[in-house]
Amino acid sequence: MTKLFLGVDGGQSTTTALIGDETGRILGAGQGGPCNHVGAAEGRAKLTRAVQESVTRACAQANLDPAQIHYEAACFGMSGGPEDKEAILTEILPVTQLIVTHDGLIALSGATAGEPGIVTIAGTGCIAFGRNAAGRAARASGWGYIFGDEGGGFDITRQALRAALRYEEGWGPATLLHDLLLQATGSNDANQVLHRFYTDEYPRPRIASLSRLADEAAIAGDPVATGILHNAAQQLASLTAAIRQQLWKAGEPAQVAYVGGVYRSQILLERFRLLVEMESGNRCQPPVYGPAAGALIEAYRAAGLHPTLSHVPEFKV
């Protein structure tokens, strides 16, 4: 009988499940809703529903009956941490070995195809996570939008609005960011943008998505916007360097992957790669796979297997 393995990326907006056999061939993929918060009864139901949706859809694609499956190993990488989710998953999933971990680990495993390395994630927020050949791991940042996340999309938009406010109040240089933010939000002035950002109309991911305006302004030659992007790249490179210092000796080769929407900015990405590769031994590259594939790799690892993945579907990373 074919042995089956499950990898699940439980995110803030989508839950993605991959089912693979012992050879590393992915048999099915499925997606469900968000499952990151489970503190209340509603959250528990949301987690259960998202997992069952994504796994059932993966089973359907693989022509498997979910009621007849027992997994050799399953790994769940959970946004928001694993602590309050393992007991629920144990109840709903027939599995011999269950690993519930954080999203940084599966992002790393996917980005480096299970090899040692560092992943520096910059989406709405940011975090860097690394694991060396000896299995030692370390993380940096990921403190949230109030106390950290420098270099993430929310912070880039925050810096852009600060620059627009300084210009409007007469104590900062002129910047294209001012007019771009007004146009994007339908505001009359930067102060109105500020107040809109404090309302429910602009949740953090929506604010973070406006970081693209910094890229637009920088491409148009705006030095303020360019400075914001370069500073974000410096922050992200500093996180990477902190992980490297903890886990690798000077000069040792280390694979560094970048993941997240912030890197759509070529200006930021080129600066980040330049800064990272100034460190002897670093090699900076895009991710090999997404986090769901990383979770599947960790499931194989838990069972003592290290197959090369095949038939990996493409999802947004």
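Residues numbered from 1 in each chain as written. Predicted model: local features only at pLDDT ≥ 70, side-chain atom pairs only at ≥ 80, totals over all residues. Heavy atoms only, no water.

Caption draft 1: Region of the structure containing the sheet that holds strand β10 (residues 282–285). Strands sit in the order β8-β7-β6-β9-β10 across an open sheet of five strands; the sheet is mixed. Only two strands of the sheet have a single partner each, and these edge strands are β8 (137–141) and β10. Going from strand to strand, the sheet's axes swing by 15° on average, the running direction of each strand aside. Relative to strand β9 (residues 254–259), strand β6 (residues 117–122) runs parallel, the two sharing four bridges. Across the sheet, the residue bridging to Thr 120 is Tyr 258, located in β9. Sheet contacts for helix α10 (residues 266–277): β6, β9 and β10; angle to β10, the most-contacted strand, approximately 160°. (Pairing = 2+ DSSP bridges. Helix = DSSP H or I, 4+ residues; strand = E, 2+ residues; numbered from the N terminus. Axes fitted to C-alpha atoms, helices over the stretch in contact; angles between N-to-C directions. Contact = heavy atoms within 4.5 Å.)

Caption draft 2: Summary view of helix α11 (residues 291–302). End to end, α11 covers 16 Å across twelve residues, agreeing with the expected 16 Å (1.5 Å per residue, within 8%). For α11, the tally of buried residues reaches ten of twelve residues, placing the bulk of the element in the interior. Those residues of α11 hidden inside the fold are in contact with β1 (4–10), β2 (15–21), β3 (26–32), β4 (71–78), α3 (103–111) and β7 (126–131). (Expected span 1.5 Å × (residues − 1). Buried < 20%, exposed > 50% of the residue type's maximum accessible area, 1.4 Å probe, protein only.)

Caption draft 3: Broad picture of the packing of α3 against α11. Interaxial distance between α3 and α11 falls to 7 Å at its minimum, and their mutual angle equals 95°. With respect to their mutual orientation, α3 and α11 come out roughly perpendicular. Here Leu 105, Ile 106, Ala 107, Ser 109 and Gly 110 of α3 lie close against α11, whose contacting residues are Pro 291, Gly 294, Ala 295, Ile 297 and Glu 298. Residues of the contact of α3 with α11, tallied by class, amount to six nonpolar, three polar and one charged. (Parallel < 35°, antiparallel > 145°, perpendicular 65-115°, else oblique. Nonpolar A, V, L, I, M, F, W, Y, C, P; charged D, E, K, R; others polar.)

Caption draft 4: A look at the pairing of β7. Within β7, six of the six residues are buried, which leaves it mostly tucked inside the rest of the structure. The alternating pattern of β7 places Cys 126, Ala 128 and Gly 130 and Ile 127, Phe 129 and Arg 131 on opposite faces, both of which are buried. The antiparallel hairpin formed by β6 and β7 contains three residues in its connecting segment. Pairing between β7 and β8: five bridges, direction antiparallel.

Caption draft 5: Structural context of the sheet that holds strand β5 (residues 95–102). Taken in spatial order, the five strands line up as β3-β2-β1-β4-β5 in an open sheet, and their pairing is mixed. Only two strands of the sheet have a single neighbouring strand rather than two, namely β3 and β5. Recorded for the sheet is a direction-independent mean angle of 15° between the axes of neighbouring strands. Judged from the seven bridges that link them, β4 and β5 form a sheet pairing that is parallel. Counterpart to Ala 73 in the pairing with β5 is Gln 97. With respect to the sheet, α3 is in contact with β1, β4 and β5, its orientation differing from that of β5 by roughly 100°. Against the sheet, α11 makes contact with β1, β2, β3, β4 and β5, and its axis sits at roughly 140° relative to β1, the strand it touches most.

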